Amino acid sequence: VSDWSSDVCSSDLRTSNVSFSDIAVLYRTDAQAGPIIDALSRAGVPVQKRSHNRLRDLPGVAAIARELRHADGLGGSLAARVRLAGQVLAERFTAPTLDAPAGVGPAEIWSAVDLLTPLAQRCGDDLALFLSQLDMGAEVDALDPRAEAVTLLTLHAAKGLEFPVVFMVGCEDGLLPLRFPGVEPNEQDIAEERRLFFVGMTRAQDRLYISHARRRVRHGAERECVPTPFLADIDAGLFERLGDDEPRRPRDRQLRLL
């Protein structure tokens with residue numbers, strides 16, 4: 001991870017007008033994000049991360065939705081009503097009350113307001129649509145497109161988004177397709193994993209980098225890794241392979257398109 005994070009910061013990328021906000025790092029499972037965040041933070045690279053989580057499962061969201069369903073006299077746009085409902089609940093939950101959900105206080109309410117606002121803005125003034133989107137499992141959308149930061153996403157969370165430069169990390173059999181010890185995925189599972197792989201590849205508008213580890217600790221043991229078998233579905237002539245029994249690259253050498 002540290003190798004490519006250094007290359008991302010190289011003068012070659014800066015002179016090609018690539019900013020941090022143009023770069024996304026995609027991975028199969030949310031658990032892979034930790035080492036990436038650590039490496040980028042050590043290199044001084046700002047990051048923002050979106051998780052594949054449902055809004056309705058987050059603390060404070062249900063309380064705001066309930067307030068919107070039953071409160072009378074809340075005017076203004078839907079986003080303004082969400083904020084007003086949050087203000088009412090934050091004041092109400094400042095001291096413990098019988099109707100306050102366990103573990104939900106003013107901080108959780110205001111966090112929920114921030115996460116619900118993008119959905120409210122997308123739904124306009126349609127409260128019924130907003131509530132139905134929550135019930136159907138609308139996901140957290142906490143990405144700020146204006147943020148000058150590298151974006152970290154699971155492959156699921158990356159659907160519908162595009163970036164000039166995309167790094168797909170952990171492209172190994174066992175992670176992509178995802179396999180668990182003692183469980184053999186069926187054909188339908190493999191087909192879904194293959195679709196995710198190609199979804200990730202098509203998030204790249206200009207440059208795509210695919211990486212895999214030779215060894216990785218998973219399920220408490222270090223294991224030898226092999227590249228994802230999905231690479232076999234792509235013409236090998238479209239890739240330039242780096243790192244296979246080659247000496248360490250000089251730091252001023254830019255990664256090239258695979």
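Preceding this section is the structure that the text describes.
Below or above, wherever it landed, is the structure these notes cover. Starting from 1, residues in each chain are numbered consecutively following that chain's sequence as written. Reporting of local features is limited, given that this is a predicted model, to residues whose pLDDT is at least 70; pairs of side-chain atoms are given and counted only at 80 or more, and all residues count toward the totals for whole chains, interfaces and linings. Calculation of side-chain values draws on the structure's entire complement of heavy atoms; hydrogens and water are dropped beforehand.

Another point: the overall build of the chain. Secondary structure is summarised from DSSP: a helix means a run of H or I of at least four residues, a strand means a run of E of at least two, and numbering begins at the N terminus for each. In terms of regular secondary structure, the chain is built from eight helices and seven strands. Buried positions account for 41% of the 258 residues belonging to the chain. What sets the accessible areas is the Shrake-Rupley method with a 1.4 Å probe; for residues, cover comes only from the shown protein chains. For the chain, the accessible surface area stands at approximately 14,000 Å², while carbon and sulfur atoms represent 51% of it. Note on exposure labels: buried denotes an accessible area under 20% of the residue type's maximum, exposed denotes more than 50%, and partly exposed covers the range between, all computed with a 1.4 Å probe on protein chains only.

With that out of the way, let us pick up the packing of aromatic side chains. We call Phe, Tyr and Trp rings a pair once their centres come within 6.5 Å, taking the six-membered ring for Trp, and we label the pair stacked below 30 degrees between planes, edge-to-face above 60, and tilted otherwise. Applying the stated criterion to the full structure yields three aromatic pairs. Ring geometry for Phe197 versus Phe198: centroids 5.3 Å apart, planes at 80°, classification edge-to-face. Judged by its relative accessible area of 29%, Phe198 falls in the partly exposed class. A ring pair is formed by Phe197 and Phe230, whose centres lie 5.8 Å apart and whose planes are at 45°; its orientation type is tilted.

Here we take up the sheet that holds strand β2 (residues 47-50). Taken in spatial order, the five strands of this open sheet run β2-β3-β1-β4-β5, and their pairing is parallel. Two strands lie at the open edges of the sheet, namely β2 and β5 (204-210), each paired on one side alone. Looking at each pair of strands side by side, their axes are set apart by 25° on average, direction ignored. Here, residues are in contact when the closest pair of their heavy atoms is within 4.5 Å. Angular values range over 0 to 180 degrees, each being the angle between N-to-C directions of two axes fitted as lines to C-alpha atoms, with helices fitted over their stretch in contact. With respect to the sheet, helix α3 (residues 33-42) is in contact with β1 (23-27), β2 and β3 (150-154), its orientation differing from that of β3 by roughly 170°. Here helix α8 (residues 187-201) sits on the sheet in contact with β1, β4 (163-168) and β5, set at roughly 125° to β5. Should DSSP find at least two bridges between two strands, the strands are regarded as paired.

Running from N to C, helix α5 (residues 78-92) and helix α6 (residues 106-122) point in directions that differ by 170°, and their axes come no closer than 9 Å. Here α5 is positioned roughly antiparallel relative to α6, judged by the angle of their axes. Residues Leu78, Ala79, Val82, Arg83, Gly86, Gln87, Leu89 and Ala90 of α5 touch α6, and the partners they reach there are Pro106, Ile109, Trp110, Val113, Asp114, Leu116, Thr117, Ala120 and Gln121. For this scheme, ten residues count as nonpolar: Ala, Val, Leu, Ile, Met, Phe, Trp, Tyr, Cys and Pro. Four count as charged, namely Asp, Glu, Lys and Arg, and the remainder, Gly too, count as polar. For the contact of α5 with α6, the residue count by class is 11 nonpolar, four polar and two charged. Note on terminology: angles under 35 degrees are roughly parallel, angles over 145 are roughly antiparallel, angles of 65 to 115 are roughly perpendicular, and the others are oblique.

Here we come to the packing of helix α4 (residues 61-70) against α5. For the pair α4 and α5, interaxial distance at closest approach is 9 Å and the crossing angle is 110°. When the axis of α4 is compared with that of α5, the two are roughly perpendicular. With respect to the hand of their crossing, α4 and α5 are arranged in right-handed fashion. Of α5, the residues touching α4 (which contributes Ala63, Ile64, Glu67 and Leu68) are Arg81, Val82, Ala85, Val88, Leu89 and Arg92. When grouped by side-chain class, the residues that make up the contact of α4 with α5 number seven nonpolar, no polar and three charged. Here a crossing is taken to be left-handed if its near helix is turned anticlockwise relative to the far helix by less than a right angle, and right-handed if that turn runs clockwise.

Moving on to α6. Each helix should span, by expectation, one fewer than its residue count multiplied by 1.5 Å. With 17 residues, α6 should cover 24 Å at 1.5 Å per step; its first-to-last C-alpha distance of 25 Å lies within 8% of that length. Within the sequence span of α6, burial applies to Ile109, Ala112, Val113, Leu115, Leu116, Thr117, Leu119 and Ala120. Contacts made by the buried residues of α6 are with α4, α5 and α7 (127-135).

Looking now at the pattern of salt bridges. Close approach of charged atoms lets side chains of opposite charge pair. Here a salt bridge means any side-chain nitrogen of Lys or Arg lying within 4 Å of a carboxyl oxygen belonging to Asp or Glu. Taken as a whole and judged by the stated rule, the model has eight salt bridges. Between Arg83 and Asp114 there is a salt bridge, with its nearest N and O atoms 3.6 Å apart. Here the residue Arg83 occupies a position in helix α5, and Asp114 occupies one in helix α6, the gap between them amounting to 31 residues. A relative accessible area of 48% means that Asp114 is categorised as partly exposed. Between Arg194 and Asp233 there is a salt bridge; the shortest N-O distance is 3.1 Å. Taken together, the positions of Arg194 in helix α8 and Asp233 in the segment after β7 (221-224) put the pair 39 residues apart, joining distant regions of the chain. On the basis of relative accessible area, Asp233 is assigned to the partly exposed category, the value being 47%.

Without other data, these values stay purely geometric and don't point to any function.
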